[in-house]
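# Summary of the model geometry
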Amino acid sequence: PFDVLIVGGGPAGAAAAVYAARKGIRTGIASERFGGQVLDTLGIENFVSVKETEGPKFALALEEHVRHYDVDIMNLQRAKALKAGSDLIEIELENGAALKARSVILSTGARWRKLGVPGEDQYRNKGVAYCPHCDGPLFKGKRVAVVGGGNSGVEAAIDLAGIVAHVTLIEFADQLRADAVLQRKLASLPNVTAILHAQTTEVTGDGQKVNGLVYKDRATGVDQRVELEGVFVQIGLVPNTEWLKGSIELSRHGEIVVDAKGQTSVPGVFAAGDATTTPFKQIIIAAGDGAKAALGAFDHLIRSSAP
Ligand code: FAD
């Protein structure tokens, strides 16, 4: 069996693999797509010490760093179940195989919920963005919309209002769902307009980049158009944890509940990165979290009775 088996090969899983392998213990990493969300990222400018890089380049660097160590890399493998036995933990793969390990680190990440409207995919990274911390500065002095009036949408609007020229916040329901304190802050900002009962129906562009957004006013049924350069979609980040339901404690948002060492509700099972309750979903945070979970797993191994 593996001493540490990591499920998920994004920044969290890669950092966990490097930290575990450097302890000289048997380490494996199984992932559906090594690199994770970073593969879908254009520019990265906030991983400290790397002034700027591109997603695929960063993903390759992650893999090269892991390959530098004695790590069993199992790419294109999707986990479908976790079974905790009395001493070994078993990860069942979609291909029918089962991997056994003395400790497991879950780092299956998350995915942004999409609007599912015309133009969204076409203009992704060409005006359509999902992460204000990542892409906000690209829209300095421009007009943007934030779609979604929950906490993340209103936080994004407040954040962006300090960078961009104007923010239009678009909410489907008749009221914002964010905490009152955030709503008060939002209302105090001169360059934010909130539009309620508005259903976003299309992101428009000139073929190269975004130039507007169309929404249907749900009160009147009339289509309205907003001219702008960017659209931030903030309608939820979905953790890739559906396969863990029932075997491990998840938050009501589906995030794996972890403590300060990355320990989950199941002894010997640790978790890291966007799939967990660790706040702020960023590469540097996921990587730090992966390192922490690996050290947590190592700590667990040296305390457990098995040789
Ligand atoms: P992920 O990167 O999501 O990796 C998850 C891994 O698990 C993948 O290998 C996946 O294939 C695998 N996996 C999932 N389910 C299974 C399964 N059942 N079995 C096996 N493997 C599985 N952050 C920044 O800090 N700066 C940026 O500029 C930035 N830009 C971004 C731009 C975009 C378009 C996106 C989508 C995200 C961006 N982020 C950015 C966020 C950042 O990419 C994430 O916070 C980070 O990748 C999370 O790392 P992770 O390892 O937790 O998960």
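Residues numbered from 1 in each chain as written. Predicted model: local features only at pLDDT ≥ 70, side-chain atom pairs only at ≥ 80, totals over all residues. Heavy atoms only, no water.

On to the packing of aromatic side chains. Counted by the stated rule, this structure contains three aromatic pairs. Measuring from ring centre to ring centre gives 5.3 Å for Phe-139 and Phe-232, while their planes differ by 70 degrees; the resulting arrangement is edge-to-face. Separated by 93 residues along the polypeptide, Phe-139 in the loop between α3 (132-135) and β11 (143-147) and Phe-232 in strand β17 (residues 230-233) bring together distant segments of the chain. The burial state of Phe-139 is the same as that of Phe-232; both residues are buried. One Lys or Arg, Arg-26, reaches over the ring of Phe-2 and ends 4.4 Å from the middle of that ring. Above the plane of the ring of Phe-172 lies Arg-218, whose end atom (NZ or CZ) is 3.9 Å from the centre. (Phe/Tyr/Trp six-rings, centres within 6.5 Å; stacked < 30°, edge-to-face > 60°. Helix = DSSP H or I, 4+ residues; strand = E, 2+ residues; numbered from the N terminus. Buried < 20%, exposed > 50% of the residue type's maximum accessible area, 1.4 Å probe, protein only. Lys NZ or Arg CZ within 6 Å of the ring centre and 35° of its normal.)

Before going further, it helps to spend a moment on the state of the cysteines. Taken as a whole and assessed by the stated rule, the structure comprises one disulfide. Disulfide partner of Cys-131: Cys-134, at an S-S distance of 2.1 Å. Linking Cys-131 and Cys-134, the disulfide has an S-S dihedral of approximately 65 degrees and is accordingly described as right-handed. Accessibility expressed as a relative area gives 8% for Cys-131, which makes it buried. (Disulfide = S-S within 2.5 Å.)

Let us now look at the confidence of the model for the protein chain. Counting all residues, the mean pLDDT for the protein chain is 96, and 99% of those residues have values of 70 or more. Confidence metrics for the complex model read pTM 0.93 and ipTM 0.99. (pLDDT = per-residue confidence, 0-100.)

Of the pockets and cavities examined, the second largest pocket occupies roughly 900 Å³. Together, 27 residues line the second largest pocket, and Ser-152, Glu-155, Gln-234, Gly-236 and Leu-237 are the ones closest to its centre. Among the elements of the structure, α3, α4 (151-161) and β18 (237-239) are those that each provide at least two residues to the lining of the second largest pocket. With six residues, α4 is the single largest residue contributor to the lining of the second largest pocket. Across the lining of the second largest pocket, the residue classes tally to 10 nonpolar, 11 polar and six charged. (1 Å grid on protein atoms, 1.4 Å probe; cavity = no way out; pocket = protein on both sides within 12 Å on 5 of 7 lines; lining within 4 Å. Points joined across faces, edges and corners; volume = space filled by probe spheres on them. Nonpolar A, V, L, I, M, F, W, Y, C, P; charged D, E, K, R; others polar.)

This brings us to the site of the ligand. Near the ligand you find 35 residues, and of these Arg-33, Gln-37, Ala-79, Asp-274 and Ile-283 are the closest. The separation between an oxygen atom of the ligand and a polar main-chain atom of Ala-12 is 2.9 Å. Glu-32 is positioned with one of its backbone polar atoms (N or O) 3.1 Å from a nitrogen atom of the ligand. Isolated, the ligand exposes 1000 Å² of accessible area, and the fraction of that covered by the protein chains is 96%. Contributing elements (two or more residues each) for the shell around the ligand: α1 (11-21), β3 (43-44), β9 (110-112) and α6 (283-303). Each residue belonging to the shell around the ligand can be placed in one class, and the counts come to 12 nonpolar, 16 polar and seven charged. (Near = heavy atom within 4 Å. Polar contact = N/O pair within 3.5 Å; in protein donor to acceptor, adjacent residues only side chain to side chain. Areas by Shrake-Rupley, 256 points an atom, 1.4 Å probe, with all protein chains shown as cover.)

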